[in-house]
Amino acid sequence: MKRPKPAPDAAFLPKDDSLRQFIGYNMKRAYLVIDADMRPTIAALGLRPATFSALAIIVENPDITQSALGLALSIERSGVVLIVDELEAADLISRNKVEGDRRSYALRPTLAGRKLWNDAQRRVQEHDNRVLAPLSPEERAQLRDFLNRIEAPSATDRTG
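Everything in this summary refers to the structure shown in the same document. (Residues numbered from 1 in each chain as written. Predicted model: local features only at pLDDT ≥ 70, side-chain atom pairs only at ≥ 80, totals over all residues. Heavy atoms only, no water.)

All right, on to helix α3 (residues 49–60) then. If you check α3, its first and last C-alpha atoms are 17 Å apart, about what twelve residues at 1.5 Å a residue would give, namely 16 Å. Inspection of α3 places Thr51, Phe52, Ala54, Leu55, Ala56 and Ile58 among the buried residues, and these make up the whole buried set. (Helix = DSSP H or I, 4+ residues; strand = E, 2+ residues; numbered from the N terminus. Expected span 1.5 Å × (residues − 1). Buried < 20%, exposed > 50% of the residue type's maximum accessible area, 1.4 Å probe, protein only.)

Structure below.
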């Protein structure tokens, strides 16, 4: 039987200065705060982070193939199939044969999927506003830009 973890004593939180010097550690700590608010926000709509992200990509790219969805989300084919099955079972997307390619499916949002996405997008924007309240609009834009630059391949990566 698993014992519950005791809640941390606010009076005695271990120092983590040696870790705070690393960007990755700070990003992880910030992610934990964001994720703790995000999950219940989308769970209220019957979504998980993976299904929320997939629905967003499908709404923005109607008739995207499952392979392209996997590339967009950086997940393997088996993971895509599970997510697509879940979204299809909830009647949020339809899976349609691609003409001329018997192995591919085009994913399209249903009307219910588009409506749910609109609601989810509004709620997640409210979530962002809550967790990013300490940052000004300019700082939020900068943060997005910095994170996108980290993710984007550098010029030397593209030229080899």
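From this point, things continue past the structure.
Next up on the list: the side chain of glutamine 66. With respect to the element layout, glutamine 66 can be found in helix α4 (residues 66–73). Residue glutamine 66 is classed as buried on the basis of its relative accessible area of 6%. Every residue in contact with glutamine 66, bar those within four places of it in the chain, is listed here: Arg77, Val80, Val81, Val84, Arg95, Tyr105 and Leu107. (Contact = heavy atoms within 4.5 Å.)

This brings us to the pairing of strand β2 (residues 93–98). As a general feature of sheets, a regular strand has side chains that alternate between the two faces. Bridge count between β2 and strand β3 (residues 101–109): six bridges; the pairing is antiparallel. Across the sheet, the residue bridging to asparagine 96 is alanine 106, located in β3. Between the antiparallel neighbours β2 and β3 lie two residues, among them glycine 100 with a positive phi of about 85°. (Pairing = 2+ DSSP bridges.)

Turning to the packing of α4 against helix α5 (residues 77–89), a few remarks are in order. Packed helices, taken two at a time, are described by the angle their axes make and the gap between the axes. Contact pair α4 / α5: the axes reach a minimum separation of 9 Å and the direction vectors enclose 105°. By the angle between their axes, α4 is roughly perpendicular relative to α5. Touching Gln66, Leu69 and Gly70 of α4 are Arg77, Val80, Val81 and Val84, all from α5. A breakdown of the residues in the contact of α4 with α5 according to their chemical character gives four nonpolar, two polar and one charged. (Axes fitted to C-alpha atoms, helices over the stretch in contact; angles between N-to-C directions. Parallel < 35°, antiparallel > 145°, perpendicular 65-115°, else oblique. Nonpolar A, V, L, I, M, F, W, Y, C, P; charged D, E, K, R; others polar.)

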